[in-house]
Structure formats: C-alpha cells, structure tokens
Amino acid sequence: MTPEARQIVFENVSKFYGEVLGVNKVSFSLGPGITSLVGPNGSGKTTLMNLLTGLIRPSQGAIYVLGLMPQQPIEFFRQVGYCTQFDSFPPGTNGYDFIYWPLRLHGFGHDQAAKLTNEALERAGMAEVARRKVAGYSKGMRQRIRLAQAIAHHPSVLILDEPLNGLDPMARAESIALFEAIAKQGMHVIISSHILEEVDRISDRVVLMSSGYVVAEGQIKEVRREVRDHPMQILVRCSNAARLAAAAFELDHVVEAKILNDGHGVLVRTGDAEQFYLLLNKIVSGGLVEVDAVAPADDDVNSIYQYLIGSDGGPA
Amino acid sequence: MSTQDLVAGVQKWSKEQPWRLFGSQISILVRNEVSRNLRRRIWIYLLALAPVLIILTHVIVGRHSVDVAQMEIDTDILAGIVQLYYFRLGVFFACMGIFTWLFRGEMVERTLHYQFLVPVRREVLVVGKFLAGAVVAIALFEMAVLACFYLTYARFGSAGKSYVFDGPGLGQLWSYLLVTALACLGYGAVFLALSLLFKNPIVPGVVIMGWEGIAPIFPAWAQRLSVTFYLKNLCPVSVPIHGPLALFTVVAEPVSPLIAVLGLLFLTIAILALSCFLIHRMEVTYTAE
C-alpha cells in the first residue's frame, strides 16, 4: 500500500456556495490517529467534512480518502463512517432499525447485520433503548445512536461532526475513550469541535480553521508554539506616542512600533502581548503617557487563536 | 467468525458479485421506501378511490336500470373515468405526490444524507426509489380501477358476467390495468426527474400537465414525447366526446399496441437515465431548502 493510500488528502480544495465562501484552498494530508478540526461556528469544519464524504462537491481541487473518492461509493463507504451533525432521523425509526438497515445495504445478511448492530449498540451504550423510537430519545441518545451507526460497519476512517455536543460528562468521557480505542486500532478519526480544550488531550494533531481557511495545522504542541510566536498587532491611542514607541522598542518581543499619522497613537506588533500590556501599565502608572484606548488591531487570526486556545497560549 | 472476518467476507462477496449486491440493495430500498410511502399521503388514497365512490353512488342510485343499453352507457362512462380522470388527474397528481417526494421529501426531512453515506451507487438509489414509488402507485391505482370495473358490471348480473367473461369485458380490464401501470411508470419517471431538477417541482409539474393536454395539436414526433400519447393508443374503448375535450381522447396518428407499450417503456427508461445523471450532481445542503 502506498503512503497516499493510507492518508486522507485535500488538494487545493475550495467550496463556494454561490458567492459565499465555504472553504478556500485547503491542502493538507492526514495519517492515522485522531485529528481535530477546530474553529468557531461558521469556520468551515462541517463543510470540510461534507466535502470529505461527498455530500457536497468541491468547486475546485480533489479529495482522496485512503486513495478512494466518494464517487466510488461501494468501496468508499465501506471504509468511511460519518456521524453528521444533522439531528434528524427517518420518521418512525427505532434505534435498532436505524443501524440494522444501512448494514443490510452494505451487503450483510440478516444474522450478520443483527450481530454488528448489537455490537455497535453495546459500544455506544445504547443497547437497552435500541427498540425505542428515536423520536423519543434525548439529544445525547440521538448523538450516540448516530455514532453507533457510523461505527457499526467497522470503518477505517471515522468522521465525527461535533460528536460531544449534547452529551453529559459521563457519556462524554465514554465517547472520548471509544474514539481513543478506535484510533489505537490504526484507524483515522477526524473530530470537529469549536472548543479546542474539548479535544486537544486526545488529538494527535489539530487543524485550526477560521472563515473557511486553515490557519494552522500540525501536532498540538506545534500549533501552540505557532500561536505564541505569531506577532499580534495592538493599537494604542495615547498622548506622547513617541515616548511609548521608544519604550516598546526596548522590549525584545516587539517587532514593530509605528506612530500613527495623526501622532496620537502607536501601532505595536509584538510576539508577547502579555508582556507588552505589563509595560503599558507601568508607563501609564508612571504618568509618562495618557492612554485613551487600547485594542487588538488584527481581529482575525490572533483573535481566533485566543478564542480557541485561551489567553495563556501555553501547553495544556 | 470474528467481526473482521465477517466484514472482509462481505467486502469480498460484493466485489465478486456486484450485480447480486445491487439486486439486494434495490430490494431493501424498495421495502423500506414502500413502508414509508404507504404510511403517509392520505390524499393520494382519496385521489385513487374518488371514482370508486362515485360509481358506487351511481350503482346505488341507478339500481333499477340494469338493461343492456345502460351497460353500454356505463362502459363509456368507465372509459371516460379512466381516460379523463385517472390519466389526466388521478394518476398524474398521485405520481406527482409520490415520486417528487422520494428525494425532495428526504431533503425536507433532512434525512437524505443517510442514503448518500452508505455503499450504494446513486443510480441504484434512483432505481430502488423509483421501483418503490411504482409499486405503491401501481398497487393503489390497479386496485381502484379493478374496483371501478367490478362495480360497473357486477350490478348487471348475468348480463354483466357474460359481457366480462364471454364478451370484450375481460380484454378491456386487462387493457385498463396495463395502461394504468404504464401511466404510473411514465408519470413516475417524469416527476422523479423533475424533483431532481427543481427545488419546487409543482410549477414544472403544471407545465407538464399543460403539455400533456395540448400535445395532440403538435406534429406526430412531438406527440411521442408525451405520456398520454402512448396511453391513448392502448385504451380499449373510445370515449364518445366532441369539441375541445376530444383532444384528450382522440388519437390522431394511432400506433400499434406493441409500439405504444415499448415506446412508453423506452420513454420511461430514458427519463430514468436522466435522473441517474442528475442524482450525481445532487448535494446535501439542507440550509438551502
């Protein structure tokens, strides 16, 4: 088997809904283990997962999962299980049938499908309520029955869109343990979440997304380092801007301090915002500069990082 | 047998015998879809059964008039019901309800992704769903036509029995059943394709209805693109109506029954092939619905 045949590959993938951007120029490849797609709501995580499974088609680029494309559904969906975020079910179905009939479509006979159904129900902790109508399930139970359906045919690639949403702490811990067990078997597990803390402990790598772009990708430590090293722009509106700029320049982590055209402020680029804010406090309390306003000037990547990783930027 | 062996065994089997896999998938799709369809859409049952109720009323009201002349009139009425009501309205709108809902309904209910996330070719999905719709529509309308036929002739006693079994009655019944089944297939294929082409297939459905009505005034080659052209050729009794309404029943350039059957089946298969092409372009974007 070639290395590509063991990988999930995005090659310059873009998706536009009319003029609205879904994802833009996404390129990366993923090996086995747990990968987390992390980003705020609307960042393109679900779009990426739907592209991966062929529910939507890329406007440009190509996607390969273990060397297969969704246009080869028989081979593709034997290898792939997708637990979507769509909280809807065929009307009138019960938990057992919800898993059993798709297995029959895989080609399993009655006994085989029944065996796999019961096994999946056990793994997802849903065996006792399997004969109840899905319409009567709680949100957490609906989440778990979808998970059970996604893993029932023993896929090599498991894609989970916000799988921990709606789960109580106990079910959350059980689900995470299940994902880890699946990944340890050499499978690919791709999990999306808008909360990095939720998934970073179990992730082998993360893909950070914002507004349809992949803003960072790699092992969790690398991404955190990238966050720390990424210079941040801070706009300070103040009197005596030259004095503040001079003081800022004395700090190692300040890359640039530019006095504004009107002379009433400084735009600072720093690799350590915390240290800069401490300096600013010192200058202000010394009465050397009067500060009118302080605000992050780049509200995009850094703010996403801060949102996702927290203000400390240190390892978990 | 371990689970891994079981999974590997099925993968091997489906690779070696893909046609058996397709057959098994189609039968499962038909089973599931039929049970879904039969549970809903009460108005479709009403569309099919409305003439049965009308004929039943006619039987009760006219129970004293059971002579041969009346039987001839009732034969024409039955022909009118089949040609003017079932083909133009009943089967047409029922097929619109059943077949447009096969995919579009799953979009509305946000369940279509389950169909697209299993190892089933999308063409197989189209065929499975079409057959399920056809089973429901044909079963419903065949029963309705059968009931209409029975009610029409049963009240004439031995004369009616003789007309059916010793006269042309049984042949007419077979023709009606054949034509009804073909109508379900033809209209079903049309509405399935429309549901894949348009988010709201009602408006194009009305256009199709208009086309089916005015097709007889077009050249012969254009008439062959309408479902009713083939159906009219197979109707055993001509309806004695005149004026503009005759457009619905008169066959300007008749073709043989065999050509009519094969022509309609060919038209159905061609439209289904178009649906198989369209389904590949379909995306699951529920927010756009």
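Above this text sits the structure in question.
The structure displayed is predicted, hence computed values, not measured ones.

Rules used in this analysis
- Residues numbered from 1 in each chain as written.
- Chains lettered and ligands numbered in written order.
- Predicted model: local features only at pLDDT ≥ 70, side-chain atom pairs only at ≥ 80, totals over all residues.
- Helix = DSSP H or I, 4+ residues; strand = E, 2+ residues; numbered from the N terminus.
- Contact = placed C-beta atoms within 7 Å.
- Nonpolar A, V, L, I, M, F, W, Y, C, P; charged D, E, K, R; others polar.
- Axes fitted to C-alpha atoms, helices over the stretch in contact; angles between N-to-C directions.
- Parallel < 35°, antiparallel > 145°, perpendicular 65-115°, else oblique.
- Left-handed = near helix turned anticlockwise from the far one by under 90°.
- Buried ≥ 20, exposed ≤ 12 C-beta atoms within 10 Å, placed from the backbone.

With that out of the way, let us pick up the overall build of chain A. In terms of regular secondary structure, chain A is built from 11 helices and 13 strands. For the C-alpha atoms alone, the extent of chain A along its principal axes is close to 80 × 40 × 35 Å. Considering only contacts in chain A between residues 6 or more positions apart, those separated by 24 or more positions represent 65%.

Between chain B and chain A, the contact holds 27 residues from the first and 29 residues from the second. Each residue belonging to the side of chain B that touches chain A can be placed in one class, and the counts come to 14 nonpolar, 9 polar and 4 charged.

To continue, consider the packing of helix α11 (residues 227-234) of chain B against helix α12 (residues 257-281) of chain B. All names here are of chain B. Interhelical geometry of α11 versus α12 gives an angle of 150 degrees and a closest axis separation of 9 Å. Judged on the interaxial angle alone, α12 and α11 are roughly antiparallel. The chirality of how α11 crosses α12 is left-handed. Across from Val227, Tyr230, Asn233 and Leu234 in α11, the residues of α12 making contact are Pro257, Ala260, Gly263 and Leu264. Classifying every residue of the contact of α11 with α12 gives 6 nonpolar, 2 polar and no charged.

Looking now at unusual backbone geometry. Residues and elements named next belong to chain A. Even without glycine at this site, leucine 66 takes up a positive phi of about 50 degrees. Tracing the chain through its elements places leucine 66 in the loop between β4 (60-65) and α2 (73-79). Residue asparagine 240 is not a glycine yet carries a positive backbone phi of 50 degrees. Within the secondary structure layout, asparagine 240 lies in the loop between β10 (232-238) and α9 (241-249). Taking the C-beta count within 10 Å as the criterion, asparagine 240 has 16 such neighbours and is therefore assigned partly exposed.

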